[in-house]
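Chain by chain, the residues run as shown.
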Amino acid sequence: ASAPVLHATLPCFLECALSVPAAWFGCPVYAILVVPILLGTVGLQERAFYASCIALPTALIGGGCWAKLCFDNMAIGEGPRRAYSVFGKPLLIALPQVAMAVLSYAGGPGAAQVAAVYLTSWHLTQALLEALKGLTWRLRPTACMREELGKVPRCITDLTAIVRLDSQANLSFPSGDAAGGAIFATAASLASPPCLVPVAAVALLCALGRVYFHCHHLLYVAMGQAVGVGVTLLLNRCIQASWMSMILSQLCLVGLWPLIQKAKPHGAVKQALSSDGLKIDQGAQNDLALGKCASASADVVSTAAGARAHVLLYRELESRRARISVGG
């Protein structure tokens, strides 16, 4: 089911446009700062001031910076990865506070409420999905189908290169970025039901974009979006989301993250809450080229045997790397 999207090609300008929903709900700078500020617009009764003075400049600046990154990627081979390079615990804590402050004082209670639903759900869902990724341990399409998908041209190569790294290659199921898009759509439609169709279209583009850039299979993004919708609806039913609930969800994510990493298969490359694990290392990419895993091309959930096979693969790669180092 994923093959038509994985092998599709778009003109460069359409690919740049698709990279926005494909990346903005997972790239921290955009997901927890730009997106909630834009989302606050749907929670307002009088939207003219906020839309013209806050949301529009934010969209223009965020979109302009992203367009520059995409152009750089096509020109010099490095672009969107720089948006991920500023990731770290301080910004993970600070950026949502900035967004909530802007929404509370410039947008009012309605704008702050819808952003609190989104941000609280986003933090909790990312923690849950990271744990599920460690349990299922599925290779991404670009890692296990590299020879096949390497023949499919992409103008924006950074989104694929990032998920091919050792710290990212086995985190395919479920999709956290697709979950972010679903959380955005659910929070917006809860605040303003007439917005359901356009925000659902954004979530759909997010899911297709993650498959198009060889990050996930269709089943993986569908499961991520189902979890995102479920967490958001459950949260909205059980509590009144607020700035405080958002802070508690942040602390939950930061506190549970080290434990989630320890629960991953033995020998796996852990993912820190920093940009260190996202550095593009040519040696790591060459090692991943050795990995052949035909089973991951099917849209099925990983089994325990598959997880053990992936761990054995990494051990073999480490052994090869050690022998090469000694021989060199």
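Bear in mind that the values here come from a model prediction, so they are computed numbers and not experimental data.

For the rest of this paragraph, the subject is the layout of surface pockets. Here the largest pocket defines a volume of roughly 270 Å³. Elements with a contribution of two residues or more to the lining of the largest pocket: α2 (12-23), α3 (28-39) and α12 (196-212). Top element by residues in the lining of the largest pocket is α3. It accounts for three residues. Counted by class, the lining of the largest pocket contains 12 nonpolar, one polar and one charged residues.

Turning our attention to the side chain of Arg210. In this structure, Arg210 sits in helix α12. Discounting residues that sit within four places of it in the chain, Arg210 has contacts with Ala22, Arg140, Val163, Ser175, Asp177, Ala178, Cys215, His216 and Val221.

So, about the state of the cysteines. Per the counting criterion, the structure on display carries one disulfide. Between Cys12 and Cys155 runs a disulfide, and the two sulfur atoms are separated by 2.1 Å. Between Cys12 and Cys155, the S-S dihedral sits near -65°, and the bridge is therefore left-handed. One end of the pair, Cys12, is in helix α2; the other, Cys155, is in the loop between α9 (146-149) and α10 (158-163), and 143 residues separate them in sequence.

Below, the discussion takes up the packing of α2 against α12. Contact geometry of α2 with α12 gives a least axis separation of 7 Å together with a crossing angle of 110°. Put simply, α2 runs roughly perpendicular to α12. Of the residues in α12, those in contact with Glu15, Leu18, Pro21 and Ala22 of α2 are Val202, Leu205, Cys206, Gly209, Arg210 and Tyr212. Class assignment of the residues belonging to the contact of α2 with α12 gives a composition of seven nonpolar, one polar and two charged.

In this structure, Leu39, Trp66, Tyr118 and Phe213 are the most contacted members of the largest nonpolar core, which totals 76 residues. Non-local contacts of Trp66, meaning those with residues more than four positions away in its chain, are made with Cys16, Ser19, Val20, Ala23, Trp24, Tyr30, Pro80 and Ala83.

Moving on, we get to the packing of α12 against helix α13 (residues 218-238). Where α12 meets α13, the closest approach of the two axes is 9 Å, and the angle between their N-to-C directions is 145°. Considering only the axes of α12 and α13, their crossing is right-handed. Along the contact surface, α12 presents Ala203, Ala207, Leu208, Arg210 and Val211, while α13 presents Leu218, Val221 and Gln225. Its residues assigned to classes, the contact of α12 with α13 comprises six nonpolar, one polar and one charged.

What counts, and at which threshold
Residues numbered from 1 in each chain as written. Predicted model: local features only at pLDDT ≥ 70, side-chain atom pairs only at ≥ 80, totals over all residues. Heavy atoms only, no water. 1 Å grid on protein atoms, 1.4 Å probe; cavity = no way out; pocket = protein on both sides within 12 Å on 5 of 7 lines; lining within 4 Å. Points joined across faces, edges and corners; volume = space filled by probe spheres on them. Helix = DSSP H or I, 4+ residues; strand = E, 2+ residues; numbered from the N terminus. Nonpolar A, V, L, I, M, F, W, Y, C, P; charged D, E, K, R; others polar. Contact = heavy atoms within 4.5 Å. Disulfide = S-S within 2.5 Å. Axes fitted to C-alpha atoms, helices over the stretch in contact; angles between N-to-C directions. Parallel < 35°, antiparallel > 145°, perpendicular 65-115°, else oblique. Core = buried A, V, L, I, M, F, W, Y, C linked by side-chain atoms within 4.5 Å. Buried < 20%, exposed > 50% of the residue type's maximum accessible area, 1.4 Å probe, protein only. Left-handed = near helix turned anticlockwise from the far one by under 90°.

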